[in-house]
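# Structural characterization, general
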Amino acid sequence: MVRFTLFGVPVEIQPWFWLATAYFSGGLFSATPEAMQYVLIFVLAATISILVHEFGHALTGRRLGGGYATIQLWALGGLATNHGGRFTRSGRFWMIAAGPGAGFLLGGLIFVILVSMFGVHDAATFAGFSLFGITDSAVSSETMEFIQNRPPLMSLLNSMLWINFWWGILNLLPILPLDGGQIAQLFVTPQKRAFQISVATAVAAAILGFVWRDSTYTIFFFGYLAWKNYQAMKEYHWQ
Ligand SMILES: [Zn+2]
């Protein structure tokens, strides 16, 4: 367990966070030290990116009257919690939106760094390949040489870009307790509807994610959320 305080916010990082992230990077079982280096780079990028996302929630929440904020990183991502305050409806909305917002800003900053290094065309080509696997256009030979000569640096930029974009998109899905689910909860009545939407979206995401990325992590992540929401839905029914 790692604990520290930053900007007055106590942060706790559980070992499971790093294990799950290393597993997700796909290289955990690689035997060579060189491959392990890329696992470490991905874990570093994920730690920074998810902390920035959570600090978006925590600092905005504190500013909007949510009270004392804490952050926890655990197996399935991050959690920012406000204690002792009270949000207005719009305050709660902006506190939730600030998490993905902070991540998209950091992803945008990485893109600006890429533009300053390679120019707009090559930066866009790099980002298109990194985020969507687009291979339609090629980077210049100087850019390619730079990329090939600095694998750790480019791996870090690639991971930062990918994680900040996709973690933001994933969190905006209407699945509780993800940000999108919490936003949906602000707008739907009765509350049970938010759990039903969560179960349906999580099941669809588990299937799509597995088909698209062939990722067991995706199955576990969305499967767990579908199950938790199904439980919550049933309990709600009995109340
Ligand atoms: Zn969030």
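Residues numbered from 1 in each chain as written. Predicted model: local features only at pLDDT ≥ 70, side-chain atom pairs only at ≥ 80, totals over all residues. Heavy atoms only, no water.

The name an unreviewed UniProt entry assigns to the protein is Site-2 protease family protein, from the organism Luteolibacter soli. Recorded in UniProt for the protein, the comment headed Cofactor (unreviewed entry) runs: "Zn(2+)". (UniProt positions renumbered as here; feature names shortened; annotations may be inferred.)

## A word on unusual backbone geometry
Geometrically, the link from Leu176 to Pro177 is a cis peptide bond, its omega value of 0° lying close to zero. Summarising the element assignment, Pro177 is placed in the loop between α5 (151–171) and α6 (179–187). At the junction of Thr189 and Pro190, the peptide bond is cis and its omega measures out at -10° in the coordinates. In this structure, Pro190 sits in the loop between α6 and α7 (192–213). (Helix = DSSP H or I, 4+ residues; strand = E, 2+ residues; numbered from the N terminus.)

## As for the UniProt feature "domain: Peptidase M50" (unreviewed entry) in the protein
Per the UniProt annotation, the sites labelled "domain: Peptidase M50" (unreviewed entry) are residues 42–200. Across residues 42–200, the secondary structure splits into 72% helix and 10% strand, with the terminal C-alpha atoms separated by 30 Å.

## Quick look at the sheet that holds strand β1 (residues 2–6)
Read across the open sheet, the four strands follow the order β1-β2-β3-β4; overall the sheet is mixed. The outermost strands of the open sheet, each flanked by one partner alone, are β1 and β4 (77–84). Across this sheet, the average inter-strand angle for adjacent strands is 20°, counted without regard to direction. Here β1 pairs with strand β2 (residues 9–13) via five bridges, running antiparallel. Each bridged residue has a counterpart across the sheet, and for Thr5 the counterpart in β2 is Pro10. Seen against the sheet, helix α1 (residues 15–24) touches β1, β2, β3 (67–74) and β4 and runs at an angle of roughly 55° to β2. (Pairing = 2+ DSSP bridges. Axes fitted to C-alpha atoms, helices over the stretch in contact; angles between N-to-C directions. Contact = heavy atoms within 4.5 Å.)

## Describing the packing of helix α3 (residues 89–132) against helix α4 (residues 141–149)
With their axes 10 Å apart at the nearest point, α3 and α4 run at an angle of 75° to one another. Considering the angle they form, α3 stands roughly perpendicular to α4. Between α3 and α4, the contacting residues are Met117, Phe118, Asp122 and Phe126 on the first element and Thr143, Phe146 and Ile147 on the second. Split by residue class, the contact of α3 with α4 holds five nonpolar, one polar and one charged. (Parallel < 35°, antiparallel > 145°, perpendicular 65-115°, else oblique. Nonpolar A, V, L, I, M, F, W, Y, C, P; charged D, E, K, R; others polar.)

## Some details on the coordination of the zinc ion
Donor atoms from the polypeptide that coordinate the zinc ion comprise His53 (NE2), His57 (NE2), Asp179 (OD) and Asp179 (OD), at 2.0 to 2.4 Å from the metal. Sequence spacing of the donors to the zinc ion: H-x3-H-x121-D. Within this pair, whereas His57 is found in helix α2 (residues 33–63), its partner Asp179 is found in helix α6, the two being separated by 122 residues in sequence. (Donors = N, O, S within 2.8 Å, 3.2 Å for Na, K, Ca; no water.)

## Brief notes about the packing of aromatic side chains
Inspection of the entire model under this criterion finds 14 aromatic pairs. When the centroid spacing of 6.4 Å and the interplanar angle of 65° are considered together, the rings of Trp74 and Tyr224 count as edge-to-face. A residue pair is termed long-range when its members are at least 10 positions apart, and Trp74 in strand β3 and Tyr224 in helix α8 (residues 216–238) qualify at 150 residues. Ring centres of Phe93 and Trp94 lie 5.1 Å apart, and the angle between their planes is 85°; on these two criteria the pair is classed as edge-to-face. Members of the aromatic cluster, connected to one another through ring pairs, are Phe104, Phe132, Phe165 and Trp166. (Phe/Tyr/Trp six-rings, centres within 6.5 Å; stacked < 30°, edge-to-face > 60°.)

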